[in-house]
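Listed below, chain by chain, are the residues.
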Amino acid sequence: MFRQAKAALRKLRHIRFSGQQHTWRLKSTSARDRALQYKPGEQIHGFTVREVVAVPDLFLTAVKLTHDKTGARYLHAARDDSNNLFSVQFRTTPMDSTGVPHILEHTVLCGSEKYPCRDPFFKMLNRSLSTFMNAFTASDYTMYPFSTQNGKDFQNLLSVYLDAVFFPCLRELDFWQEGWRLENETPTDPSTPLVFKGVVFNEMKGAFSDNECVYAQHLQNKLYPDHTYSVVSGGEPLAIPDLTWEQLKQFHATHYHPSNARFFTYGDLPLEQHLKQIEEEALSRFDRIDPNTEVPSQSHWSSPREDHVTCSPDALAPDPAKQNTLCVSYLLGDITNTFEGFTLSLMSSLMISGPNSPFYKALIEPKIGTDFSSVVGYDGSTKEASFSIGLQGMAEADTERVKEIISQTIDDIIETGFEEERIEALLHKLEIQMKHQSTNFGLSLASYIASMWNHDGDPVELLQINESVARFRSALKENPRFLQEKVKHYFKENTHRLTLSMSTDEAYLEKQAKAEEEKLQKKIQALSDSDKKEIYEKGLELLSAQSQTQDVSCLPALKVSDIEPTIPLTPVQISTTGGVPVQYCEQPTNGLVYFRAMCSLNNLPQDLKLYVPLFCSVITKMGCGALDYRQQAQQMELRTGGMSVSTMVISDFEHLDMYEQGVLLSSSCLERNLPHMFQLWSDIFSSPHFDEERLRVLVMMSAQELANGISSSGHSYAMTHAGRHLTPAADLTEMFGGMEQVKFMKRIAEMTDLSQVIRTLSRIKKHLLNTDNMRCAVNATPQKMSDTAAQLESFLKEVAENKKERRPSRPNIVERPLDTVNPAGPSRKLISELNFHPCPMKTFFQLPFPVNFVSETIRTVPFSHEDYASLCVLARMMTAKFLHSEIREKGGAYGGGARMGGGLFSFYSYRDPNSVETLSAFRKGVDWAKSGRFTQQDIDEAKLSVFSAVDSPVAPADKGMGRFLNGVTDEMKQNHRERLFAVAHRNLVEAAERYLAVGQRTRGVAILGPENEALKKDPSWIVK
């Protein structure tokens, strides 16, 4: 997977912490304490301990080692978390844009010395209970992480990963499949034209169909023009066909060596076992080399530079006349200076985060553009960091004005500095992030330290966040102008800055297609007849290899018997407070309190529904009570871990035509701030502000964000739309979060007068924010629960006083008890549309992308139905054993498969060069399932894959949430679990025949993609 700098979980603000404890691992002492017993200089399995450091802020002990023979570096973070992680990363510094590190990342996972079968990586997804498995190519490193809660599984995966990276087969056929190849359009017909194919080739064409991605790539290439950052590490589609198989093998030989590697392990499994396995299975076979992969510092410019690039117009842009981007980027210092990096990252947040920041006031509020540029703020993913500031969605005429504003704002910051309260709010945010426990903390850590460690910085120093905070506080105390001087040095006096503008070119896609065609013709013209014959034969050879049943017996696997037979129970208490049902769940939350409230939409008039997502996104950002929106934002930062509102559509577990609709309020805070958090909610309920100027800013940002998101989530939009006419819940889901909502927000953004929208939002507020149709949930520590309950009670009392009498407007309501033990107690109120008629629809959305997103969705059965488990296993099995090969390997799409959820069985493809051909691959998949051509091993692997999702770790903040939202109790989950265990060959064949066969059930189809003449001429398709 190609990972652009910005997408990485590398920023401090993304870090999340998890502290899950499972009972199945007996411990005499904690993992943290055991690790403290290592001593510097101690030798363990070919490694020497260099440093042992307790990091109490993150509840871990860090052990730093080096490998004696090769110099490989190793960091172990011992923590009482059963979700153990391994990662190995190599510094990969390409000097051209052929995408060699990215194609290599794909190809090493296609088979190795000990595991020579094709594609062990994808095969292991179904032979393991991993909680995460992937690989990333960044601009200067490639990383291979996995995580699992099972000790045996950890050893299995470690064995496969080590063999893949150090001893891969790198077969030519795998290079053609994953990288690029010339092949007949129909491989079995030599008379069809030759075209470019390949997974990475199509992945990168898809990536660069996103204008934000195009801009970010150009910005990095032009700000660091001297070395590896001047090329596209993921691969520029037109340069990918210049890469040869020989060059790929050479890149592996020089970069994938232990002397160029950094190993990271995390969790509660013993370190010695990891070291022993890594030494025996890989490192003992190598000697030390000088990998010579260092990235030199970028030479500093003596004067600023300007540049311009173009992109394709966006049909969904909020204002088609304003599609320019302008951004100023500054080269900062070396990221291995931990404290400087910490200071610059905080300073960046002070400059751009939230409505109180100077750049938000200067650039966003005057409504010159729709939002900040796609690259904004501090970026520490390259050897020397950068800071960028600019706008997207602006008019070309405003270019000079924006440049002046940026320069003026920097002068203003140097003069006035930052308010103390804003600095405190930011440090409070850090404190909360360090206490909040997430389930993938190991992965967050691996990503957080990756860049700095890659350039020989000290990763342990980076983990000691509280030391940086203390140093930051004392620097400010000693010199109140500390931050202003930094701004002056890095921005005002910095001549290494790039101003990059981007504008649309109507012919952009046409020019790209023409350039690709020219490249193709140039390649074809150089071919003799015998070359063409050879290409045809190689195409058949690849097809035959892709179609062969693989012998995967060489791969390690867990058995179904390794899966825990029962789920751990989550006790909750349900009571009512002031007539409002409340669920209390006691959890080890590290002194945080998590609050949620579900407010029903049942009484909301139908004409207001489309506006609900907008209401959710703005209601916590407009100001409330005595606070204007800036003061409100400040109080939220100072007193809470965030407050948000989102739409919820929950399909019933027994009936496909029943569902619950509502909005979910979510927030968290430190225990000491409980009264403040509830006061903020209370003000939002009783007196939210609705100001037209503020609303316009938020509408533009929201519309821009939706339009930008389609190219990366096209498969989700396709699945949502394909399901829209199949169940009432799916119809509402499309309205709230599908293409319908994207187009609606574009319409709102184009309105010159928003007063009618303000009136609508105000009406929604009256229906939604009152205690009549609300239920709450609280997760907190046992010590704090009674205090929390008392605070919640006074909040509910206060809110109840200003509620209006509302007439219930829906006759078709079904009540489900919240507590199964007490059927007469409080209930959830569901809408029942038993006269709903599902209808088949085929829709095509033409969009400016060079690739397609295809989905076909089928109405099946709800969660509690006996066939639901079979359909879940069938979706995983069809994905792994049939669709992956058809859609990705043969079809060249970046991804594809099937999934089951909400009563709908969905097929999908992602960044796919094909459209209708993929629909026939879905059909073939159903025929394959009906024919029963699969083994017991295939079924067991699909079950492992399903259970790894079912049993993925749940953070203390989220325990009991499934029950609170969906009404699914532990008992129901256990029944589902037993059904999954019981699924047999016969059940799968019957489920395929009963639900997936043509003519059995209603199905919907949707395709998002480039112009498609065949679909436009076909009257059975609706073209949007």
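The numbering scheme is per chain: residues are counted from 1 as the chain's sequence reads. Thresholds applied to this predicted model are a pLDDT of at least 70 for local features of residues and 80 or more for the giving and counting of side-chain atom pairs; totals over whole chains, interfaces and linings are not thresholded and use all residues. Note that the side-chain values use all heavy atoms of the structure and ignore hydrogens as well as water.

1. Considerations on the overall build of the protein chain
As a reminder, the rule being used: A run of H or I in DSSP becomes a helix once it reaches four residues, and a run of E becomes a strand once it reaches two; helices and strands are each numbered from the N terminus. Our radius of gyration looks at C-alpha atoms and nothing else; its globule reference is 2.2 Å times the residue count to the power 0.38. Throughout this description, buried means an accessible area under 20% of the type-specific maximum (1.4 Å probe, protein chains only), exposed means over 50%, and partly exposed covers the range between. Residue contacts are counted whenever heavy atoms from the two residues lie within 4.5 Å of one another. Here the open area of atoms and residues is found with the Shrake-Rupley method and a 1.4 Å probe, where only the protein chains shown may cover a residue. Just so you know, the count uses Lys and Arg for positive and Asp and Glu for negative, and it drops His and the chain ends. Taken as the charge location is NZ of Lys, CZ of Arg, CG of Asp or CD of Glu.
What the protein chain contains, in helices and strands, is 34 helices and 31 strands. The globule rule puts the C-alpha radius of gyration for 1024 residues at 31 Å, and the 28 Å found for the protein chain is close to it. By its C-alpha atoms, the protein chain is 85 × 75 × 70 Å across when sized along the principal axes. Sorting the 1024 residues of the protein chain into buried and exposed places 62% on the buried side. Counting only contacts in the protein chain whose residues sit at least 6 apart along the sequence, the fraction spanning at least 24 positions is 81%. With the model as given, the accessible surface of the protein chain reaches about 38,200 Å², and the carbon-plus-sulfur share is 50%. With 111 positive and 127 negative side-chain charges, the protein chain shows a separation of 3 Å between the mean positions of the two kinds.

2. Observations regarding the pattern of salt bridges
Pairing between side chains of opposite charge can happen when their charged atoms approach one another. Rule in force here: A pair is scored as a salt bridge if a Lys or Arg side-chain nitrogen falls within 4 Å of a carboxyl oxygen belonging to Asp or Glu.
On inspection of all chains with the given rule, the structure shows 61 salt bridges. For Glu246, the salt bridge goes to Lys249, with nearest N and O atoms at 3.6 Å. Taken together, the residues Glu246 and Lys249, both in helix α8 (residues 245-255) and three residues apart, mark about one turn of the helix. According to the relative accessible area criterion, Lys249 is partly exposed, its value standing at 28%. Note that Glu990 and Arg986 form a salt bridge whose closest N and O atoms lie 3.9 Å from each other. Linking Glu990 with Arg986, this pair stays in helix α33 (residues 985-996), spanning four residues, or about one helical turn. Classification of Glu990 as partly exposed rests on a relative accessible area of 30%. By relative accessible area, Arg986 is classed as exposed at 53%. Among the charged side chains, a salt-bridge network with shared partners connects Arg73, Arg91, Arg262, Glu294 and Asp456.

3. A word on the packing of helix α19 (residues 529-547) against helix α28 (residues 868-890)
The angle between the axes and the distance between the axes are what describe a pair of packed helices. Operational definition: Lines are fitted to the C-alpha atoms to define the axes, a helix being fitted only along its stretch in contact, and any angle between axes, read from their N-to-C directions, falls within 0 to 180 degrees. In this scheme, roughly parallel covers angles under 35 degrees and roughly antiparallel covers those over 145, while 65 to 115 is roughly perpendicular and the rest are oblique. Take the far helix as your reference; a near helix turned counterclockwise from it by less than a right angle gives a left-handed crossing, and one turned clockwise gives a right-handed crossing. Note on residue categories: nonpolar means Ala, Val, Leu, Ile, Met, Phe, Trp, Tyr, Cys or Pro, charged means Asp, Glu, Lys or Arg, and polar means any other residue, Gly included.
Interhelical geometry of α19 versus α28 gives an angle of 155° and a closest axis separation of 10 Å. In this view, α19 runs roughly antiparallel relative to α28, as classed from their interaxial angle. The crossing of α19 and α28 is right-handed. Contacts from Leu543, Gln546 and Ser547 of α19 reach α28 at Ser885, Glu889 and Lys890. Per-class residue counts for the contact of α19 with α28 are one nonpolar, three polar and two charged.

4. What about the environment of Phe844?
Along the polypeptide, Phe844 turns up in strand β26 (residues 841-846). Residue Phe844 is classed as buried on the basis of its relative accessible area of 0%. C-alpha separation for the pair Phe844 and Val854, spaced 10 residues apart in sequence, amounts to 9.4 Å. Residue contacts for Phe844: discarding those within four places in its chain leaves Ile1007, Gly1009, Pro1010, Asn1012, Leu1015, Trp1021, Ile1022, Val1023 and Lys1024.

5. With respect to the sheet that holds strand β28 (residues 895-901)
The strands making up a sheet associate through hydrogen bonds between their backbones, and the pairing can be parallel or antiparallel. Just so we agree on the cut-off: When DSSP locates at least two bridges between a pair of strands, those strands are taken to pair.
Taken in spatial order, the six strands make up an open sheet running β28-β29-β27-β30-β26-β31, and their pairing is mixed. Only two strands of the sheet have a single partner each, and these edge strands are β28 and β31 (1022-1023). Here β26 runs beside β31; their pairing, made up of two bridges, is parallel. The residue of β31 that forms the bridge with Thr843 is Ile1022.

6. Let's talk about unusual backbone geometry
A positive phi angle, close to 45°, is found at His45, a residue other than glycine. Position of His45 relative to the elements: it lies in the loop between β1 (43-44) and β2 (47-55). Within the chain, Asn590 stands out as a residue other than glycine whose phi angle is a positive 60°. Along the chain, the position of Asn590 falls in the loop between β19 (580-586) and β20 (592-600). The class of Asn590 is partly exposed, set by a relative accessible area of 27%.

7. Digging into helix α18 (residues 508-525)
As a reminder, the rule being used: What a helix should span is 1.5 Å times the count of its residues minus one. Arc, as used here, means the arc of the directions from the helix axis to the C-beta atoms.
The end-to-end C-alpha distance of α18, which contains 18 residues, comes to 26 Å, matching closely the 26 Å that a straight helix rising 1.5 Å per residue would cover. Within α18 the residues assigned to the buried category are Tyr508, Lys519, Leu520 and Ile524. Across the axial projection of α18, the buried residues extend over an arc of 150°, all falling on one side. When the buried face of α18 is taken as reference, the exposed residues oriented beyond 90 degrees from it are Glu510, Lys511, Lys514, Lys522 and Gln525. Elements in contact with the buried residues of α18: β9 (181-184), β10 (194-197), α7 (211-223), β12 (305-311) and α19.

8. Focus on the packing of aromatic side chains
Centre-to-centre distance and the angle between the planes together describe a pair of aromatic rings. Put simply, the rule is: Aromatic pairs are defined between Phe, Tyr and Trp rings, using the six-membered ring for Trp, whenever the two ring centres lie within 6.5 Å; interplanar angles under 30 degrees are classed as stacked, those over 60 as edge-to-face, and all others as tilted. The criterion is that NZ of a Lys, or CZ of an Arg, lies within 6 Å of the ring centre and within 35 degrees of the ring normal, and then a charge sits over that ring.
In this structure the tally under the stated criterion is 40 aromatic pairs. Plain terms: the ring middles of Phe90 and Phe166 are 5.7 Å apart, the flat faces sit at 80° to each other, and that makes the pair edge-to-face. Within this pair, whereas Phe90 is found in strand β5 (residues 84-91), its partner Phe166 is found in helix α4 (residues 151-166), the two being separated by 76 residues in sequence. For Arg285, the ring lying beneath its charged end belongs to Phe167, and the centroid distance is 3.8 Å.

9. Some thoughts on helix α32 (residues 970-982)
Between the first and last C-alpha of α32 there are 18 Å, a value that for 13 residues agrees with the 18 Å anticipated at 1.5 Å per step. Taken as a whole, α32 has its buried residues at Asp970, Met972, Gln974, His976, Arg977 and Leu980. Where α32 is buried, its residues meet α28 and α30 (936-950).

10. Comments concerning the pairing of β20
Of all nine residues in β20, nine are buried, a share of seventy percent or more. Here β20 shows a buried face lined by Leu592, Tyr594, Arg596, Met598 and Ser600 and a second buried face lined by Val593, Phe595, Ala597 and Cys599. Across nine bridges, the pairing between β20 and strand β22 (residues 658-670) is antiparallel. Bridge pairing links Leu592 to Leu670 in β22. Pairing analysis gives six bridges linking β20 to strand β23 (residues 774-780), with the strands arranged antiparallel. Bridge pairing in β23 places Arg596 opposite Ala777.

11. Quick notes on the environment of Gly579
Structurally, Gly579 can be placed in the loop between β18 (573-577) and β19. The class of Gly579 is exposed, set by a relative accessible area of 66%. Counting along the chain gives 137 residues from Gly579 to Ser716, while the straight-line C-alpha distance between them is 39 Å.

12. Regarding the side chain of Thr70
Let me state the cut-off plainly: The term polar contact refers here to a pair of N or O atoms within 3.5 Å; inside protein, the definition further demands a hydrogen-donor-capable atom paired with an acceptor-capable atom, and it admits residues adjacent in sequence only when both atoms are side-chain atoms.
Examined against the element boundaries, Thr70 turns out to sit in the loop between β3 (60-67) and β4 (73-78). With a relative accessible area of 1%, Thr70 lands in the buried category. A polar atom in the side chain of Thr70 sits 2.8 Å from the side chain of His67. A distance of 3.2 Å separates a polar side-chain atom of Thr70 from the backbone nitrogen of Ala72. Sequence-distant contacts of Thr70, defined by excluding residues within four places in its chain, comprise Pro258, Ser259, Leu283, Phe286, Asp287 and Arg288.

13. Some words on the confidence of the model for the protein chain
The predicted structure's coordinates, where accompanied by low pLDDT, should not be read in detail. We count it as follows: pLDDT is defined as a per-residue confidence score from the predictor, taking values between 0 and 100.
Mean pLDDT over the protein chain works out to 93, with 96% of the residues at or above the 70 mark. The low-confidence segment residues 5-27 (pLDDT under 50) makes 90 contacts with residues lying over four places distant or belonging to another chain.

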